[in-house]
Every structure is written in structure tokens, then in C-alpha cells.
Amino acid sequence: MKRVFILMASTLLIAGCTLVPTADAPASSQQTYRGSSGTDRPTSPTTLRSGARSGFSPAASQCFATLGQAGTRFTPLQDQYFGAGCSTVGSVRLASLRGDVGEFSLTNAGPVTCQTAAAFAGWARYGVDRAAREILESPLVRIETMGTYSCRNVAGTARRSAHSTASAVDVSAFVLADGRRIAVDRDWSTGSTREREFLRVVHKSACKRFGTVLGPDYNAAHADHLHMEVKRGGSFCR
């Protein structure tokens, strides 16, 4: 049944989201959000009496609402702390993203913070899908990732990676409606003129939404993907 949840603790109305049980969260907080458009508009309002009862903080609930209103489909996840500086707090599992004229899917996407998911959804719609249609003359249908959360250090250092807090996404390829697959490792340097232009446009667009963006021009470790993470007190785009 489609429902609209009013989060009384934060006095936030989550308008335009539908929520149904899933297996990715505990029973007290099992819910999948989907932004409304067309037939997706919810019809039967109900009340969730507090953010604490739902298992989510008011800040997380507000981010979930914003993400849902953008048309993103996702599952909110229970906060988890794994020790050694690794955690997934205020995170979601993305199912699909909304473009101007349709949805597109993702592959291999694990837990990611809601803040990172919101930046990623905006980039995918305005930076990737529009560039695909303008430069390559075909809409985006899928973004292939190399993952999100991973409890690990930055390569060659003792410093924790943004992946260890689910604050980063690695993107390896883009699949278009006409069947073309634009891969970072192959097409960054040897793709057609338009394919290379497309990859550089989406890289530049990511730099406007994320604090750190690393690609093939940065080092050999990023030869096959674009690494994007939310701001950590500055910006770095290479």
C-alpha cells in the first residue's frame, strides 16, 4: 500500500514519497522511498510518531525526504559501526535515479551516505544524462559502479578512505539507450572524439558537486574509474 509518512519529531512532511517494507533494514525501519511522478503519487497518509521510533535521526529523515522528492528510489539503512574508523551512518542503498525523461539504474552500489547519494543523484541527472543526450545523442540507462562502502585506507597511506564511511562512489562506465557502453578505462584516452568529450564533461560536472573527484589523469590507481566523495573542508579535482 502506498503511504505518505509525516515525521512528527522533525515536523517534516515527506510529500511525494512512497514507502513499503524491504529486507534491507530492521523491522522497525523497513521502508523504501520513491519520489512521486505520474501514477506514483501516494494516496493514504499515515503518521510515524517519531524519528527515533523509525530508527532514523531527524537529519537523516530530512535527507531521505529530499532524496525521495528528486525521484530517487532507495532503501534507508540502519546505522552501523564496524570499528577501526569504519561505519555506515545515515546511509541508503540506491535502486534507481531519476533523469529528465525517465529512470536509470545502477550496478554494484552498496551503502552510501544520504548526503553522498543526493550529490550523486543530482550529478547523474544534470551532469551525466543531459551530457549523454547532448553529446552522444542517446539517453543514459545505467551507471556502472565499482562500489561505495569499503573499510579500507587510501592506497599507499595509513589514512582511512572516504569509502570507509560510505562517503564515496567509484564509477566505471555508462550505458546508453542505444546500447553503447562508455567505459572510463577504455574510452578516456582511446574512445571517439565525442566519447572522450562526454567523459571529461561528466568529470568536470562531478567536480561541481563533490569535494574530491579523481580520474585517470590523477594517477594509475584511477585509470579505470571516477572516484567521487563529498566535501571534507575543501575541494580537489583531478
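See the structure shown above.
Residues numbered from 1 in each chain as written. Predicted model: local features only at pLDDT ≥ 70, side-chain atom pairs only at ≥ 80, totals over all residues. Heavy atoms only, no water.

Draft legend 1. Representation of the state of the cysteines. One pass over the structure, following the stated rule, counts three disulfides. The side chain of Cys86 participates in a disulfide bridge whose partner is Cys151; the two sulfur atoms lie 1.9 Å from each other. Taking the sign of the torsion about the S-S bond as the criterion, the disulfide between Cys86 and Cys151, at about 75 degrees, is right-handed. Placement of the pair is Cys86 in strand 8 (residues 86–88) and Cys151 in the loop between strand 12 (140–147) and strand 13 (168–176), with a sequence separation of 65 residues. (Disulfide = S-S within 2.5 Å. Helix = DSSP H or I, 4+ residues; strand = E, 2+ residues; numbered from the N terminus.)

Draft legend 2. Representation of the packing of aromatic side chains. In total, this model carries seven aromatic pairs according to the counting rule given. When the centroid spacing of 5.4 Å and the interplanar angle of 35 degrees are considered together, the rings of Phe82 and Tyr149 count as tilted. With a gap of 67 residues between them, Phe82 in strand 7 (residues 80–83) and Tyr149 in the loop between strand 12 and strand 13 connect regions that are remote in the sequence. Residue classification places Phe82 among the partly exposed positions, given a relative accessible area of 44%. Take Tyr149: its relative accessible area is 23%, and that puts it in the partly exposed class. Summarising the aromatic geometry, the rings of Phe120 and Trp123 are spaced 5.4 Å apart at their centres and angled 50 degrees between planes, so their arrangement reads as tilted. With a gap of three residues between them, Phe120 and Trp123 both fall in helix 3 (residues 114–135), about one helical turn apart. For the pair Phe120 and Trp123, a shared accessibility class is recorded, and that class is buried. Grouping aromatic residues by their ring pairs yields a cluster made of Phe120, Trp123, Phe174 and Phe198. The ring centre of Trp188 lies 4.1 Å from the NZ or CZ of Arg200, which sits over that ring. (Phe/Tyr/Trp six-rings, centres within 6.5 Å; stacked < 30°, edge-to-face > 60°. Buried < 20%, exposed > 50% of the residue type's maximum accessible area, 1.4 Å probe, protein only. Lys NZ or Arg CZ within 6 Å of the ring centre and 35° of its normal.)

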